[in-house]
Amino acid sequence: MNTQVSPSSQRAVPADGPRWLDAEEQKAWRAWLYSSMLLTDRLDRELTREAGIPHGYYEILVQLSEAPGRMMRMSELADRCLSSRSRLSHAVSRLEEKSWVRRQVCESDGRGQLAVLTDEGFAALEAAAPIHVEGVRTHLFDQLSPEQVAAMRDIGETLLRHLDPDLTPPPNSPGPWVSPGSEGSRPFPAST
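What you see is a predicted model; the values in this text were computed from it and never measured. (Residues numbered from 1 in each chain as written. Predicted model: local features only at pLDDT ≥ 70, side-chain atom pairs only at ≥ 80, totals over all residues. Heavy atoms only, no water.)

Evaluation of the coordinates by the stated rule reveals eight salt bridges. Residue R80 pairs with E76 through a salt bridge whose shortest N-O separation is 2.9 Å. Of this pair, R80 and E76 both sit in helix α3 (residues 74–80), four residues apart, roughly one helical turn. On the basis of relative accessible area, E76 is assigned to the partly exposed category, the value being 34%. (Salt bridge = Lys/Arg side-chain N within 4 Å of Asp/Glu carboxyl O. Helix = DSSP H or I, 4+ residues; strand = E, 2+ residues; numbered from the N terminus. Buried < 20%, exposed > 50% of the residue type's maximum accessible area, 1.4 Å probe, protein only.)

Spelled out as structure tokens, the structure:
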């Protein structure tokens, strides 16, 4: 197959034109896209209403709770949260105002900044986690059969291998979003 590379995107485009989705692919794509958007929006609204934490801030707290010492370089945290550095910096500033996160200079090199989850932030996360997990269970897992859950995991891991091979969990691991030794239903280590 002959391909051209688009200078603006650096993606290979077939020389004979785009590979349009057929009707079934179009239905699958739109169902997945729209349901993902609705689920994310629902979880965000519930967390904001019931715990006062937008889902994006909740994810920052989860990432920090799972990091060694409950701290992480700001640049790594931005990558883990799929956020720009400036957007993450703004979010961390809001979390600092609540005393849930603090910044400190990275002692190993003196240049980088670390985001550190405070005890108050960990307590806020512990209070919000039951709300979040109930939303995930109600709006996602309660709607699916065990076979659909297995298929969803398979699809998700296939896409992870393609889109972010460094994030892909090894076979039979709980994934990068669950810390080793953490309880299955908790998004952060119980021992921390």
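With that settled, the discussion passes to the packing of helix α1 (residues 23–51) against helix α5 (residues 119–139). Running from N to C, α1 and α5 point in directions that differ by 150°, and their axes come no closer than 10 Å. Between α1 and α5, the crossing angle belongs to the class labelled roughly antiparallel. Pair α1 / α5 crosses with right-handed handedness. Contacts from L39, R42, L43, E46, L47, E50 and A51 in α1 reach A128, I131, H132, G135, V136 and H139 in α5. Its residues assigned to classes, the contact of α1 with α5 comprises seven nonpolar, three polar and three charged. (Axes fitted to C-alpha atoms, helices over the stretch in contact; angles between N-to-C directions. Parallel < 35°, antiparallel > 145°, perpendicular 65-115°, else oblique. Left-handed = near helix turned anticlockwise from the far one by under 90°. Contact = heavy atoms within 4.5 Å. Nonpolar A, V, L, I, M, F, W, Y, C, P; charged D, E, K, R; others polar.)

Across the five residues of strand β5 (residues 113–117), four count as buried, placing the element largely inside the fold. Note that strand β4 (residues 101–105) and β5 share five bridges and pair antiparallel. Bridge assignment links Q104 to a residue of β5, and that residue is L114. (Pairing = 2+ DSSP bridges.)

Coordinates in, geometry out; function isn't part of it.
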